Amino acid sequence: MSLPGLVREDCNTLVRQHISFVLSVKSARALQTLEADTAELISAGMTTLNTKLSGFGTSSGGSAEDDKLLARVGELWTFFWDQVLPYVEGVFIPLQTEPILLSLYRPPKATLPDASPATPLAPQPAAGSMPIDVRAIALRAFRDKIIVPIAPRLENRLLTRASIAAAASTTGSANGSS
């Protein structure tokens, strides 16, 4: 599998144009709007990625079918982690680096848990905190669009494998002690 030949710089330009548009129309809620738009676009992309699992059906097709599904999900995760995620982060880098967006971002304020002077302030966000965390959005989209719909099948297959392995080790140790 490989990614389409879209040039990242061209995509960055489109993202910057969208930032400008959103700022001109909805400046008060720009960060929320841009984050929602990013999540929607990435989610739509996950639907395309999910087609790589087509042919496995939605209900359990038996252990052999579920083993193939498990292997395919592993391949899909590797492709997502190694190729898609870095590409998506690169495309949306303007959301994390544009000075105007960084100036709009207000990290949560620290508060004192109690009045004691010996109590330190609540932890502050890291100095490099980003207004829109593209990585987190993409990971949530993978979870929600790829994993959640097939989670019961994956869980069932993994538990079955674990039970078989546990039974085999118990049987093996029982036979070895005789």
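Residues numbered from 1 in each chain as written. Predicted model: local features only at pLDDT ≥ 70, side-chain atom pairs only at ≥ 80, totals over all residues. Heavy atoms only, no water.

S.K.: Would you mind showing me how to read helix α2 (residues 30-50) here?
M.R.: Given 3.6 residues per turn, any residue in an α-helix points the same way as the ones three and four places further on. Over its 21 residues, α2 extends 30 Å from the first C-alpha to the last, a length consistent with the 30 Å expected when each residue adds 1.5 Å. Of all the residues in α2, the buried ones are Ala30, Leu31, Thr33, Leu34, Thr38, Ile42, Ser43, Met46 and Leu49. (Helix = DSSP H or I, 4+ residues; strand = E, 2+ residues; numbered from the N terminus. Expected span 1.5 Å × (residues − 1). Buried < 20%, exposed > 50% of the residue type's maximum accessible area, 1.4 Å probe, protein only.)

S.K.: Looking at this structure, how should I read the side chain of Thr33?
M.R.: Mapping Thr33 onto the fold places it in helix α2. Not counting the four nearest positions on each side in its chain, Thr33 is found in contact with Val22 and Lys26. (Contact = heavy atoms within 4.5 Å.)

S.K.: Would you mind going over the packing of helix α1 (residues 8-25) against α2 with me for this structure?
M.R.: Each pair of packed helices can be described by the angle between their axes along with the distance between the axes. Packing of α1 against α2 brings their axes to within 9 Å, and their N-to-C directions diverge by 140°. When the axis of α1 is compared with that of α2, the two are oblique. The hand of the α1/α2 crossing is right-handed. Across the interface between the two elements, His18, Ile19, Val22 and Leu23 from α1 touch Ala30, Thr33, Leu34 and Asp37 from α2. Of the residues that constitute the contact of α1 with α2, the class distribution is 5 nonpolar, 2 polar and 1 charged. (Axes fitted to C-alpha atoms, helices over the stretch in contact; angles between N-to-C directions. Parallel < 35°, antiparallel > 145°, perpendicular 65-115°, else oblique. Left-handed = near helix turned anticlockwise from the far one by under 90°. Nonpolar A, V, L, I, M, F, W, Y, C, P; charged D, E, K, R; others polar.)

S.K.: Looking at this structure, I do not really get the pattern of salt bridges. What am I missing?
M.R.: Where side chains of opposite charge bring their charged atoms close, a pairing between them can arise. With the rule as written, the count across this model stands at 5 salt bridges. The salt bridge partner of Glu98 is Arg16, with a shortest N-O separation of 3.0 Å. Here the residue Glu98 occupies a position in the loop between α4 (94-97) and α5 (99-104), and Arg16 occupies one in helix α1, the gap between them amounting to 82 residues. Under the relative-accessibility criterion, Arg16 is labelled partly exposed at 35%. Here Arg157 and Asp67 are joined by a salt bridge, their closest N and O atoms 2.6 Å apart. Taken as a pair, Arg157 in helix α7 (residues 151-176) and Asp67 in helix α3 (residues 63-91) lie far apart in primary sequence, 90 residues in all. (Salt bridge = Lys/Arg side-chain N within 4 Å of Asp/Glu carboxyl O.)

S.K.: Can you walk me through α1 in this structure?
M.R.: End to end, α1 covers 26 Å across 18 residues, agreeing with the expected 26 Å (1.5 Å per residue, within 8%). All buried positions along α1 are accounted for by Cys11, Asn12, Val15, Ile19 and Val22. Taken around the axis of α1, the buried residues stretch over an arc of 105°, which confines them to a single face. When the buried face of α1 is taken as reference, the exposed residues oriented beyond 90 degrees from it are Glu9, Leu14, Phe21 and Ser24. (Arc of directions from axis to C-beta.)

Worth remembering: the numbers are spatial, not functional.
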